[in-house]
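Coordinate inspection notes
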Amino acid sequence: MGSCLLCSQIGPSSTGASSGDLNSIVDMQTLQEVYWSAPGALLEAGGATLMCSYAQINGVPACQYQPLFDTVRKLYNSTAIIMSDWLATHSTADSAVAGLDWEMPLGVYFGQPLYDAVYVAKNLSEAYINLKLAHILSKYDEFGLLNNTTPAVGTIADDVKLADAAVAYDIAVRSGVLLKNNGALPVPSNTKLAVIGPNGLQWSHGTNFAERAYGFPDRQISPLEALQKRTNNANIPNAVGIDQEGTLIPATSLKTLNGTQGLSRNDTTGGTAVDSQIDFDGSTALPANRSYEWRGQINAPTAGVYTISLQRKIPSHAGKTDADYGLVFAIGSLSVNGSTVASGYRLLGDGGVRPWSNSIATRHGWDNIKATVYLSAGWHDFSATIVGLLQQPISLRLCWVTPEQRETNIQTAVDLAKGVDTPLVFAFANAPSQVAMTLDDGMDELVSRVAAANSKTVVVLQNSEPVAMPWLGSVSAVLEMMYPGQESSNAIADLILGTRSPQGRLPVTYPTSVNTSLTRNPAYPGRVATADGNATFSEGVNVGYRWYKYSNTPVLFPFGHGLTYTTFSYSHLAVSTPQGQSQGAWRSWGSWGVRPSRGWGPGGWSQSNYQGPSDCSALPADADVVFSVSFTITNTGRTSGVEVPQVYIGPPTNAAAAYPGVQFAAISLVGFDNVEVASGKSVQVNIGIPKKQLSFYNIKNDSWEFARGQRDVWVGKSVNDIVLSGTVKL
């Protein structure tokens, strides 16, 4: 058994890595500088495998796009195995010639068709097969996977689990981003807290897609449990607010298409029945070795938002192998009025049955295939399916949360919030939230109503993509945790209580709304797939945070933003070449609208000999550093903390004349650091800027070229919070 680094799903794609065969129209400079440079860096660092994506690139499937393979083999000189994503191969000869090594997971094109092309029709050279085998087998040998030279992995020792848990906790706590804080965090020790929200009462594993490490369930406690342990208070009041599972749908709200009470059931062995309710467990569990479908109608007594939940007890996988799972994609589904409203997680290739159809399992640990839908009053066509798994009986129940129960749950949370000092509201969003940028299940209403009842409300978010925050002005603090893994609850508790100070920074921009976002802005309708299947990446190299600066578009939270429990000032900027010569001059702030830190001004730069990159700047020791940016950070608050200074650079001032036709980003992050500073102390920071960050991809000669000329240099707390400014001549 061995492991290696995978550079996954090289595209790009306009709507996600698994979005099918949509065509991404992207110029070559942007491909190289934005979408292929990060995988290239991983390949240079020893990445052993690379996966090409489903999308087409400029009309050609990614897994046969010759420029991509030339970049991997020639520009980055990599011998990595290049494999397709699952079913992302679209040809035999074209993919083989381009350089694809391995079709996954079946041999639709690289099985019999490849054999026939080489040895029967003989219109493809055997040399292609030899080269692919050389890539695959050499990597297998490099990682000890040939001849079974490495022992199988047995039970993981407890000390190893604890050591790994400590690493997972450290990553989780460092990743928390404090977006807003009006003094509500950290909460004082005598604060009366309440925990509100489903992912506050239960551990949330993340998005409802099953490609993830399972972790150790005994460590996956809820934030409520973590807070109870940290505060030694087992009686922290709590309320679910937005129930994820509800109660059994009564027989009076179900009828068959023939008008009989209940739902018609059919199974794959030909069995039929009418069930007054779907409620099977223990001695009434449904027989194994078959799949089931129910059809009929469901009655909504009143118009409103309903949560419909098909809950399934997870079968035991003890002693099972991958072959036992079969080729099951979705383990179940719900349909209303002919439209599928929920699908269970896919099992194909994941090697385990887990409660992953919703971000949160039921309170009993069952899987929860769930949909939140608006229903008018009256009867609606309904169907549900469940797939038999692992030759075991099926325990299943069909539940709902009616509008009346939803209102009761929210009001209970509101009443609870009125009686405490600080309500902690936990909310989440499944991916892709980018379509609407909303929290799941109408949780914005829960946050808004709790905040209206108590202005000290703190919101803890778990989401994988930006969400809009219509309630932002009404809450005291927002802690963005995303989905940091099995130790997330302990990390959340320690950040809330102040045992640890937030130090995470946003890796993406949070737009004010979908309509001001980069991809779904109505002013640029072609940036997502249009009716003809094309998405034009018209922003070029000004992608992400660069586009918001380039277009002067207001944002909710900028790239790089993150608060701490202390304050920092910056001073004494010096921009130095390796010869130790400081460069640049003080500039007016103009459209940046930010004044320099107190004590900094003309003549205030310190002279500094070149010292190479900062220890924490994420640069390899042998980075080809062109110049360094040094400055002083002072902790002006009353507690220690970690600051993350960021160095940005502008385009060459003579770019239009010196490099006609070449794109330069309006602003680019070229370096950063993580600096721990004690209260009242100062630290000098030195960040080296490598040559690659100052270069562009020259499409005329297919190579990287260093850009010369004078460039603005900015040091900021985020891309929008610039505190120091200078220039460098390269």
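Our subject is the structure that appears above.
Okay, so let's go over this structure. Please read all numbers here as calculations on a predicted model, not as lab measurements.

Parameters at a glance
The numbers attached to residues start from 1 for each chain and follow its sequence in the written order. Where local features are concerned, this predicted model is filtered to residues with pLDDT of at least 70; where side-chain atom pairs are given and counted, the filter is 80 or more; whole-chain, interface and lining totals use all residues. Working from all heavy atoms in the structure, the side-chain values ignore hydrogens and water. Criterion used throughout: strands pair if DSSP finds at least two bridges between them. Here a strand is any run of E in DSSP of at least two residues, a helix any run of H or I of at least four, and the numbering for each starts at the N terminus. Contacts are assigned to residue pairs that have any heavy atoms within 4.5 Å of one another. Axis definition: a line fitted to C-alpha atoms, over the contacting stretch in the case of helices. Angles run 0 to 180 degrees between N-to-C directions. Burial classes: relative accessible area under 20% of the type maximum marks a residue as buried, over 50% as exposed, and values in between as partly exposed (1.4 Å probe, protein chains only). Salt bridges are defined by distance alone: a side-chain nitrogen of Lys or Arg within 4 Å of a carboxyl oxygen of Asp or Glu. Counting rule for disulfides: a pair of cysteine sulfur atoms within 2.5 Å. The distinction between a cavity and a pocket rests on a 1 Å grid over the protein atoms alone: a 1.4 Å probe fits inside a cavity but cannot get out, while a pocket stays open yet meets protein on both sides within 12 Å along at least five of seven lines, and a residue with an atom within 4 Å of a point counts as lining. Grid points are joined across faces, edges and corners, and a volume is the space filled by probe spheres set on the points. Just so you know the grouping, Ala, Val, Leu, Ile, Met, Phe, Trp, Tyr, Cys and Pro go in nonpolar, Asp, Glu, Lys and Arg go in charged, and all remaining residues, Gly too, go in polar. When two rings of Phe, Tyr or Trp (its six-membered ring) have centres within 6.5 Å they constitute a pair, described as stacked for plane angles under 30 degrees, edge-to-face for angles over 60, and tilted for the intermediate range.

1. Considering the sheet that holds strand E7 (residues 177-181)
The strand order across the open sheet formed by six strands is E7-E24-E23-E22-E8-E9, and the pairing between neighbours is mixed. Edge positions in the sheet fall to E7 and strand E9 (238-239), since each of these pairs with one other strand and no more. Relative to strand E22 (residues 422-429), strand E8 (residues 193-196) runs parallel, the two sharing four bridges. If you follow Ala 194 over to E22, its bridge partner there is Pro 423. Where helix H12 (residues 443-453) meets the sheet, it contacts E8, E22 and strand E23 (458-463), and its direction lies at approximately 165° from that of E22.

2. Some remarks on the sheet that holds strand E32 (residues 646-649)
Strand order across the open sheet formed by four strands is E33-E32-E38-E39, with antiparallel pairing between neighbours. Both outer strands of the open sheet, strand E33 (668-672) and strand E39 (722-729), are each paired with one neighbouring strand and no more. Neighbour-to-neighbour, the strand axes of the sheet open up by a mean angle of 25°, direction not taken into account.

3. Let's talk about the environment of Ser 464
Assignment of secondary structure puts Ser 464 in the loop between E23 and strand E24 (477-480). Owing to a relative accessible area of 40%, Ser 464 belongs among the partly exposed residues under this scheme. Separated by 19 residues in the primary sequence, Ser 464 and Tyr 483 place their C-alpha atoms 6.7 Å from one another.

4. Focus on the pattern of salt bridges
Evaluated as defined, the whole model comprises 17 salt bridges. For Asp 170, the salt bridge is made with Arg 174, and the minimal N-O distance between the two is 2.8 Å. Taken together, the positions of Asp 170 and Arg 174, both in helix H7 (residues 158-175) and four residues apart, correspond to about one turn of that helix. According to the relative accessible area criterion, Arg 174 is partly exposed, its value standing at 41%.

5. Observations regarding the pairing of strand E13 (residues 272-275)
Bridge count for strand E12 (residues 263-267) against E13 is four bridges, and the pairing is antiparallel. Its bridge partner being in E13, Leu 263 is matched across the sheet by Asp 275. Hairpin connection of E12 to E13: four residues between the antiparallel strands, including Gly 270 at a positive phi of 95°.

6. What to know about the state of the cysteines
Inspection of every chain in the model, using the stated rule, returns one disulfide. Paired through a disulfide, Cys 52 and Cys 63 show a sulfur-sulfur distance of 2.1 Å. Handedness here is read from the sign of the S-S torsion; for Cys 52 and Cys 63, about 110°, the answer is right-handed. Here Cys 52 is found in strand E3 (residues 49-52), whereas its partner Cys 63 is found in the loop between strand E5 (60-61) and helix H3 (66-75), with eleven residues between them in sequence.

7. As for empty space enclosed by the protein
Tallied over the entire structure, the rule returns two cavities of 30 Å³ or more. Within this model, the largest cavity holds a volume of roughly 50 Å³. Taken together, Ile 10, Trp 36, Pro 39, Gly 40, Leu 43, Leu 50, Leu 68, Thr 71, Val 72 and Tyr 76 form the lining of the largest cavity. When contributions to the lining of the largest cavity are tallied by element, the ones reaching two or more residues are helix H2 (37-44) and H3. Of the residues belonging to the lining of the largest cavity, the class tally is eight nonpolar, two polar and no charged. If you trace the second largest cavity, you find it lined by Gly 241, Ile 242, Asp 243, Thr 307, Val 401, Arg 406 and Asn 409. The class makeup of the residues in the lining of the second largest cavity is two nonpolar, three polar and two charged.

8. Observations regarding unusual backbone geometry
Backbone torsion omega between Met 104 and Pro 105 reads -5°, so that peptide bond is classified as cis. Relative to the assigned elements, Pro 105 resides in the loop between helix H4 (93-98) and helix H5 (112-120). Each neighbour pair has its own omega, and for Leu 185 with Pro 186 the value is -5°, a cis peptide bond. Relative to the assigned elements, Pro 186 resides in the loop between E7 and E8. For Lys 122, which is not glycine, the phi torsion reads 55° and is therefore positive. By relative accessible area, which is 64% here, Lys 122 ends up exposed.

9. Quick look at the packing of aromatic side chains
Tallied over the full model, the rule gives 15 aromatic pairs. Measuring from centroid to centroid gives 6.2 Å for Tyr 545 and Tyr 648, while their planes differ by 70°, and the two rings are edge-to-face. You can see Tyr 545 sitting in helix H14 (residues 545-550) and its partner Tyr 648 sitting in strand E32, a full 103 residues away along the chain. The buried category is assigned to Tyr 545, whose relative accessible area is 12%. Given the relative accessible area of 0%, Tyr 648 is considered buried.

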